[in-house]
Structure formats: C-alpha cells, structure tokens
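As a plain string of letters, each chain reads:
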Amino acid sequence: MEMIVLVVALALELVIALYSMVTKQRQSKLKSWTRIAMFIGFLLLILVKYVDWSYTWLLFAGLLVILAAKEMVILLRKPKPNLNSTPRYKAFPTIWKSLLLALTVVITLIPAILFPQHRLPQVTGPYPVATATHSYVDKNRIEAFTDQGEKRFVNVEFWYPEQAEGTYPLLVFSHGAYGIKSSNASTFTELASHGYVVASIDHPYHSFYTVSGDGKVVTVDSGYMKEVNNANKEGIYSLGDIFELFQKWMKVRTDDMDFVIDTVLEQAGQKNDSEQKRDSVYERIDTQKIGVFGHSMGGSASVALSRERDDIDAVVNIDAPFFSELKYDKATDELTAKSEAYTISLLNLYSDDVWIQLDSSPVYAANQLSNEAFKGAYTVHFKGAKHLSLTDLPLFSPILANLLQGGRKASIDKYYAIETQNELILRFFDHALKNQGSFTPKAVY
C-alpha cells in the first residue's frame, strides 16, 4: 500500500508538470484541484480502512493537509485584475518546484515504507491477552555499564491470559544481541492466548533501547556493540578473547534472568492484603512450572541459565550457539564442547544462517547434532530463513530486517516462518510443562 501511495502521488505530480510544460501554462487550477483530491482520497482510504492509520503516516498526512489548505486558499482568493497578458510560462521554476515536491513526498513516506502496514500473525488460543510492564531494581548489583554507582534495573513486559481462572506456567524470554523485549511479541501473544504467562526482559545496555516505568531511557552501550560486531569479524579478537567475551555476556544475561525469575516468584507467592494490591499478572502464575527461551544471544542465555537453576523444566533456543557449553583450551587454542549431559527438555530452532555453521564454526561446537550431551534435544531447521526470520521484525520492517542481515533476503515466507515457529514453541511447552499431547516436530520446515 505504501508503495502504491508513493507511485500515485509522484505520478500525479509528474503528469501535472508534464502537462504544464506541453501547454506552456501554469495550470494553477488543475494543480489545486488535484492536490485537494489527493488529500480527500487519502482520507477516504483511511476511513474505509484500506490504509491502516498509524504514526508512520503522520508526515505524509501533514504534507497533504498543508498542500490542500494552501490550494484551497488559492482557489478562494479573488484574482487581482491583470491589465497585461497572461504571465509568461517559465519551464525551469516548474521543473524545480516539481522535483522539490517529489523529494518531499518521498521523505514524508519513508516511515511508512520502512514500517509498512501488515497483518499480525494468527492467534489461535481461547483466552484474550493482556499486557503489563514492570521495572525491577536489583539492590544486590551495581550497574557495570556506568560509573555512577547506581543499582541495576531491569524492565519486563508480561503477556498473560486476561480473563481466565487458575494459574499458568511462567515463560521468561531474553532478546537477541541488541534486540528489544517485544522482538517476538507474536510468539508471546500466541502463548498467552493458550494459557501461559510470558515475561520478556529488556537487558539494559544490551537492548537497543529500553524505557523504565519512571520514563528513564537507556540505549545500547557502544562498547558492547563494538564487542559484538568485532567478535563476528575475522582477525580482530583471538579465540581466547572471544571465549572471555562469551562468559561476560552470559553473566549479564543470566544474572538479569535469575533476578527477574526470583522477583516474579516472590511476587506470585505473596498473598493479597488490603494495604497493598498486587498486579493481577502475578496471581496467574504457576510457580512450579517454568520455561525459558530466547532468540540469538537470548537463546544462549536461556540454555546457560537452565544449567544454573533447578526449577527450569523446558528451554527453547532460537538460532543461538551454546556459549555456556563451550570450554577453551589455551594450549591448543581450541573451543570444544563440554561433556556434561543436558537433561532438560530442549527445542532448538535454526535458520540457514546458523544451520550452515553447526559443523564448521568452533563457536557452534556444542550445538553439533553429534554432541552426545544433547542427544535428547529436538532440532528443527527452517530452510530458507535468515537469522531475523525467527523474530517479528520482517513483518514490521522487511527493509530494516534485510539491511541488518547484510542485504540478504530470506526466501522463506515471513508469515509461514513466524507462525510455524509459534506453533512449534506452543506445542513444545504444552508437552514439556503441561503434559499435553505429543511433540514430534519435523526436522525441516
């Protein structure tokens, strides 16, 4: 729709400019009525819901309002008597003004093109879904990313069944390297609609941006971004340095997840009293059934945390290496997999980007299908998918997703990828946490 609007708007301006050049007249009335018609037409598209109104259309809508108002004034203004002949037509000003307006149209439509209207993935559960946000302050940790001695805070958003009775398993999600807590909102919504409470974490200074309850905004740390970017390039870090970075990143992530789970369980275990009313989300949590999952670095952290806690019953790793399952041999300068058996229910979901590295990259030494320590894990390959295909970003901004993937476009249908992934994650947690149904996924989708 965004491209159609752009093409129509530019085509109309081009036609007017060409007609003016051919007739060698300004065509002021034609120009005025055309721009007023463009505004009315766009308004009608919104009213009939052919255009889904959102903030991305604000600049373009503002431009149309300004142009329509200007042209209305011109049409209503009484023309001054002109004793001379019709003013001579000048081609250069017409061309220059048309090009300038065309550029303005393109600029005002950039937000809508970057974030086009789209349908949301299907939600199949019986429960309506509510959300809630909370900011937790960890009094036991000093923020390592600043030198102000402040305590670390963590922002969390919940998706949960709004009108339902009883309690439901708790699922804790960790986003990718510099993602955001809503990166897989469609997954959270689908899970909550089937009777789960999902808590998605924004890891401050790892998240692209996060906003706490008091309005404090924290953006991704530049040093951390540099570490991640350089770790993915050849020859900048030694293998030993990369291993140390893995441990540092995992420490930040697992400490956040550990703190959030403990806080949520503490809140869920408290009883209501007349003086302090709990958020209703805590009343819906079954503290005896906990799963963790995450995308990319968040998946790595989920596997790592499951080794540290004994109350986690199921894990979903979305396109991530097992950082916590690696060991570094300084003498041989090699990364190898640990040998301790992994006994928790685990589902691995891989895109092409990771799949091709499983048997070649030392970073994925523990992920190899031949690793006996993970012989009980389920492994699924989404053929034709890229790393971000397993998030909601390709739905919200296909252009941005392709840019972040180095200009590489996934061949898999974006709705098929995310909806199939959501279905698999739901069926896996149903089987592992609720003892409902069997779980026998295909190897390739």
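- If you look the protein chain up in an unreviewed UniProt entry, it shows as Acetylhydrolase from Paenibacillus oryzae.

Observations regarding the pattern of salt bridges
Opposite charge on two side chains makes pairing possible when the charged atoms of those side chains draw close.
Okay, so step 1: This model, assessed by the stated rule, comprises 18 salt bridges.
Okay, so step 2: Between R309 and D258 there is a salt bridge, and its shortest N-O distance comes to 2.3 Å. Pair noted here: R309 is in the loop between α9 (297–308) and β8 (314–318) and D258 is in helix α7 (residues 239–269), with a separation of 51 residues, a long-range link.
Okay, so step 3: Given a relative accessible area of 11%, R309 falls into the buried group.
Okay, so step 4: When its relative accessible area of 23% is taken as the criterion, D258 is described as partly exposed.
Okay, so step 5: Look at the salt bridges and you will find they share partners, linking D138, R141, E143, R152 and D256 into a network.

Remarks on the packing of aromatic side chains
Okay, so step 1: Scanning the model with the defined rule gives 28 aromatic pairs in all.
Okay, so step 2: Consider the rings of Y136 and F259, whose centres lie 6.4 Å apart with planes at 85°: the pair is edge-to-face. On the criterion of sequence distance, the pair formed by Y136 in strand β1 (residues 129–142) and F259 in helix α7 is long-range, its members being 123 residues apart. As far as burial versus exposure is concerned, Y136 and F259 are alike and both buried.
Okay, so step 3: Measuring from centroid to centroid gives 6.3 Å for Y196 and F429, while their planes differ by 50°, and the two rings are tilted. Of this pair, Y196 sits in the loop between α5 (185–193) and β4 (197–202) while F429 sits in helix α13 (residues 414–433), and the two are 233 residues apart along the sequence. Note on accessibility: Y196 and F429 belong to one class, buried.
Okay, so step 4: Grouping aromatic residues by their ring pairs yields a cluster made of W159, F173, F188, Y196, F293, Y378, F428, F429 and F439.
Okay, so step 5: Looking at R119, its charged tip hangs above the ring of Y415, at a distance of 3.9 Å from the centre.

Quick notes on the pairing of strand β2 (residues 151–161)
Okay, so step 1: For β2, the tally of buried residues reaches 10 of 11 residues, placing the bulk of the element in the interior.
Okay, so step 2: Inspection of the sheet shows β1 paired to β2 by 11 bridges, in the antiparallel sense. Bridge pairing in β2 links A132 to F158.

Points about the nonpolar core
Okay, so step 1: Core analysis: the largest hydrophobic core is formed by 61 residues, its most contacted members being F158 and W249.
Okay, so step 2: Among the elements that take part in this core, α7 stands out by supplying 14 residues, more than any other.
Okay, so step 3: Discounting chain neighbours no more than four positions away, the residues touching W249 are H206, Y224, E227, V228, A231, M297 and F323.
Okay, so step 4: Counting residues in each nonpolar core, the second largest holds 30 residues, with L171, V198, I412 and I425 among its members.

Focus on helix α6 (residues 222–231)
Okay, so step 1: Within the sequence span of α6, burial applies to Y224, E227, V228, N230 and A231.
Okay, so step 2: Turning to α6, the residues buried within the fold contact α7 and α9.
Okay, so step 3: Between a side-chain oxygen at the N-terminus of α6 and the backbone nitrogen of G223 the separation is 3.1 Å; the capping residue is D221.

Notes on helix α3 (residues 58–76)
Okay, so step 1: If you check α3, its first and last C-alpha atoms are 27 Å apart, about what 19 residues at 1.5 Å a residue would give, namely 27 Å.
Okay, so step 2: Those residues of α3 lying buried are F60, A61, L63, L64, L67, A68 and E71. Down the axis of α3, the buried set is contained in an arc of 155°. They therefore lie on one face. Relative to its buried face, α3 has exposed residues pointing more than 90 degrees away, namely I66, V73 and L76.

Reading the values: rules and limits
- Residues numbered from 1 in each chain as written.
- Predicted model: local features only at pLDDT ≥ 70, side-chain atom pairs only at ≥ 80, totals over all residues.
- Heavy atoms only, no water.
- Salt bridge = Lys/Arg side-chain N within 4 Å of Asp/Glu carboxyl O.
- Helix = DSSP H or I, 4+ residues; strand = E, 2+ residues; numbered from the N terminus.
- Buried < 20%, exposed > 50% of the residue type's maximum accessible area, 1.4 Å probe, protein only.
- Phe/Tyr/Trp six-rings, centres within 6.5 Å; stacked < 30°, edge-to-face > 60°.
- Lys NZ or Arg CZ within 6 Å of the ring centre and 35° of its normal.
- Pairing = 2+ DSSP bridges.
- Core = buried A, V, L, I, M, F, W, Y, C linked by side-chain atoms within 4.5 Å.
- Contact = heavy atoms within 4.5 Å.
- Polar contact = N/O pair within 3.5 Å; in protein donor to acceptor, adjacent residues only side chain to side chain.
- Expected span 1.5 Å × (residues − 1).
- Arc of directions from axis to C-beta.

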